[in-house]
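Chain and residue survey
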Amino acid sequence: MRTETMTVNLGPQHPATHGVLRVVLELDGEVVIKCTPEVGYLHTGIEKTAEAKLYYKVIPMTDRMDYLAPMSNNLGYCLAVEKLLGVEAPPKAQWARVLLTEITRLNSHLVWLGTHALDIGAMSMLLYVFREREDLLTIYEAVSGQRMMSTYFRIGGLTEDLPSDFEPMVRKILRTFPARFDEYENILTNNRIWRNRTIGVGVINKEEAIKSGITGPMLRAAGVKHDLRKARPYSSYDKFDFDIPTQEASDCFARYQVRLEEMRQSLRIIQQAMDGMPEGRYLARVPGVVRPTKEEALCQMEAMIYHFKLVTEGFHPPKGEVFVTIESPKGELGYYIVSDGGTMPYRMRVRPPSFVNISALSKLVVGRLLADVIACIGSVDIVLGEVDR
Amino acid sequence: MSNVTRERVTAQFGDKIFATTEHFGELAFVVDKSAIVALARFLRDDAALRYVHLSDITATDWLEREKRFEVIYHLYSYDLTEYVRFKAHVADKESVPTLTGEWDTANWLEREVFDLFGIFFDGHPDLRRIMLWDEFEGHPLRKDYPLTYETPQFTYNKDLPPEVIK
C-alpha cells in the first residue's frame, strides 16, 4: 500500500483564491497535513512609490490596495496625515466619511458573501449581492465620479460637497436592504449544504487568534468583543450608536453570522449619519495646508495662490511619526507615516489586515479536507491587492 | 493610560532604554536591540499592561546615520485600548532577534522586513523573501536602491548603468 503524501498547488490562478494567492498543500489522501500560503504575485511597491509622491498624491494609490474598500483606505491615510498636521475635518466631512465608510463596509461584505457562497456551491448569491452592490456603486459614482477607485476623501475633508441626489440614494438602500439581508438569511442560514460546509470548519480558538494577530470580523467571530470604532473612536464614531456583533464558535459559520450582523449595524450607522448630517463646510479651512475649495480658488486671490502652491509644491508637515489605525471591513488597517519635514512622506507603511489574517491560514486548514481549504480562504476575506500592496 | 506603560517599562528596563518620546500622543521607546524580546514579553505578560496584540513590525532606512535602520514594533492592548511603539537601531548587515517565539504574526511581518530592507532576524524559522521572487537582487525599500535599475536584466537593459535618485 502506498503511503506517500501528495503536494497540490492551489493557485495562483484559481478562482477560489480571490485573486492570486498560491497555497501549497501537502495532502494525505484528502486530508491536509501541511499548508503554505505564498503571496507576492500582486506586489506593486506602493510603500516605495509613496516615498516619491506629494502627500495628497498618495491618496489614489491607497484606493488600489483594498479595491473593495477604497474609502476605508482613504480614510485611514487622511486621518494619519491629518494627525501629523494637527488638522481636523469639519463635522459635515466627518459625518459623510462615517456614512461612506459604512457604505464601503457593506460593499466589501457583500462581495465577500457572494464570492464565499459561490466558492462553496451557492451560486445564486453572487447574482443577488451584485444587484445590491450596484446601488452602492451608484452612490460612489454620484459622489466621486468613479465606481470603484473613488479617491473621494481629501486631507482635511472631502473632494467636493455631497451631491443633491445623494440623500434619496441613501434612503433607497436604507429602505430596501433590510429585506434583502433577510432574503440572504433565508437562502443560507438554515440551508443544510451551507451549514454542513461551514459549521465546525476552520476553527481557531481565541488565544491562537490573538497570537496570530487576527483582527476584524474574524477576531469577533472568535469571541473577542473588540472594534476600533468603539475602542479608539475616530471621525466622530463615538457619536453613533451601534453594537459589536460577536460569536463564540470561531468557525466559518460564525464569521458569516458576524459579517451579516455587521452589515445590519452598518445600516444603523448610515441611518444616523444621514439623519444627523450637519450643515457647513466639507473641507477644513487651514490655509497653506488644506486646499481651498474650487469656488474659493476661483474667486479669491489668496486662495488661488494657496491652491497653486499646494498643487505644485505641497505642504511641509512637522518632523515626526504617526501610527493611525481604523477598523476597515477586513480588520485593523494601520498607516505608519514618517515625516522628515519634506513635502513627501519619508516612509509610509501600511499595516494590512488581510496580509496578517491570511498568514494564519495553515492553522485553520491543517487536519481538514481539501474542500474545506476553499471554505477557509473564503471566510478569511482577503483582497490580494492589499495583501501584496 | 500611557503613563502606566511608561512608568512600568522605565522601571523595568531603565538602562536599556535610550529615549522615550510621546509625540502626537503616541508613546515610543528607543531600546537596545538585545532588549527587544524581553521588552515585548514584559509588555505582553504584565498584568497591568497586557499588550497582547502584535500589530506591526516594520523598518525605516535613515541612510546617513551610522546605524541606518530603525526596526519598529507596534503593540496593542485590548484592555487599555492603547498602542505602544518601540524601536531599535541597527546597522547594515546587523541582525535583530526574532519575535516569532512570542507571536505567530511576527513570522510574515519579519519576512517582509527582511525582503524589502534586508534586515536579518536571528532565530526566524523561515526567513525567505515573501513579496519578491527568490532571485531578486537588492532590497527595494532601502533609500539607496536605484530607482531606474530594472531587474530582471534583459539584453535591452543590461548595459544601462544604475542611477541613484535622491
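For the structure, see preceding data.
All of the points below concern the structure found in this document. These numbers were taken from a predicted model, which means no experiment stands behind them. (Residues numbered from 1 in each chain as written. Chains lettered and ligands numbered in written order. Predicted model: local features only at pLDDT ≥ 70, side-chain atom pairs only at ≥ 80, totals over all residues. Heavy atoms only, no water.)

1. Considerations on the overall build of chain B
Secondary structure assignment for chain B yields 3 helices and 7 strands. Overall, chain B shows an N-to-C arrangement of helices and strands of α-β-β-α-β-β-β-β-α-β. For chain B, the proportion of its 166 residues judged to be buried stands at 54%. In chain B, the proportion of contacts linking residues at least 24 apart, taken out of those at least 6 apart, comes to 48%. Of the roughly 7,600 Å² of accessible surface on chain B, 52% is carried by carbon and sulfur atoms. (Helix = DSSP H or I, 4+ residues; strand = E, 2+ residues; numbered from the N terminus. Buried < 20%, exposed > 50% of the residue type's maximum accessible area, 1.4 Å probe, protein only. Contact = heavy atoms within 4.5 Å. Areas by Shrake-Rupley, 256 points an atom, 1.4 Å probe, with all protein chains shown as cover.)

2. Overview of the nonpolar core
Ranked by size, the top nonpolar core spans 173 residues in total, and within it L113 of chain A together with F86 and I119 of chain B carry the most contacts. The element best represented in this core is helix α4 (residues 91-119) of chain A, accounting for 12 residues. Not counting the four nearest positions on each side in its chain, F86 of chain B is found in contact with F29, V31, I36, L39, A40, L43, V71, I72, Y73 and L75 of chain B. (Core = buried A, V, L, I, M, F, W, Y, C linked by side-chain atoms within 4.5 Å.)

3. Focus: the packing of aromatic side chains
The relative placement of two aromatic rings is captured by the distance of their centres and the angle of their planes. Considering all chains together, one arrives at 22 aromatic pairs over all chains under this definition. Ring centres of Y77 of chain A and Y335 of chain A lie 5.9 Å apart, and the angle between their planes is 70°; on these two criteria the pair is classed as edge-to-face. Linking Y77 of chain A in helix α3 (residues 70-85) with Y335 of chain A in strand β7 (residues 331-339), this pair joins segments that are 258 residues apart in sequence. According to the relative accessible area criterion, Y77 of chain A is buried, its value standing at 0%. Centroid distance Y76 of chain B to Y83 of chain B: 4.6 Å. Interplanar angle 45°. Geometry classified as tilted. Its relative accessible area of 10% is what places Y83 of chain B among the buried residues. The structure contains a cluster of three or more aromatic residues connected by ring pairs, namely W95, Y234, Y237, F240 and F242 of chain A. Sitting over the face of the ring of F242 of chain A, K230 of chain A holds its NZ or CZ atom 4.3 Å from the ring centroid. Here the guanidinium or amino end of R291 of chain A rests over the ring plane of Y56 of chain A, the centre of that ring lying 5.0 Å away. (Phe/Tyr/Trp six-rings, centres within 6.5 Å; stacked < 30°, edge-to-face > 60°. Lys NZ or Arg CZ within 6 Å of the ring centre and 35° of its normal.)

4. Focus on the sheet that holds strand β6 (residues 320-328) of chain A
All names here are of chain A. With antiparallel pairing, the 3 strands of this open sheet are ordered in space as β6-β7-β8. Both edges of this open sheet fall to β6 and β8 (347-351), since each of them pairs with a single strand only. Taking each pair of neighbouring strands and ignoring which way they run, the sheet shows an average axis angle of 15°. Pairing of β6 with β7 involves 9 bridges; the strand directions are antiparallel. Bridged to E327 within β7 is E332. (Pairing = 2+ DSSP bridges. Axes fitted to C-alpha atoms, helices over the stretch in contact; angles between N-to-C directions.)

5. Thoughts on the side chain of S328 of chain A
Residue placement: S328 of chain A occurs in strand β6. Other than its neighbours up to four places away in sequence, S328 of chain A contacts S72, R105, L333 and P353 of chain A.

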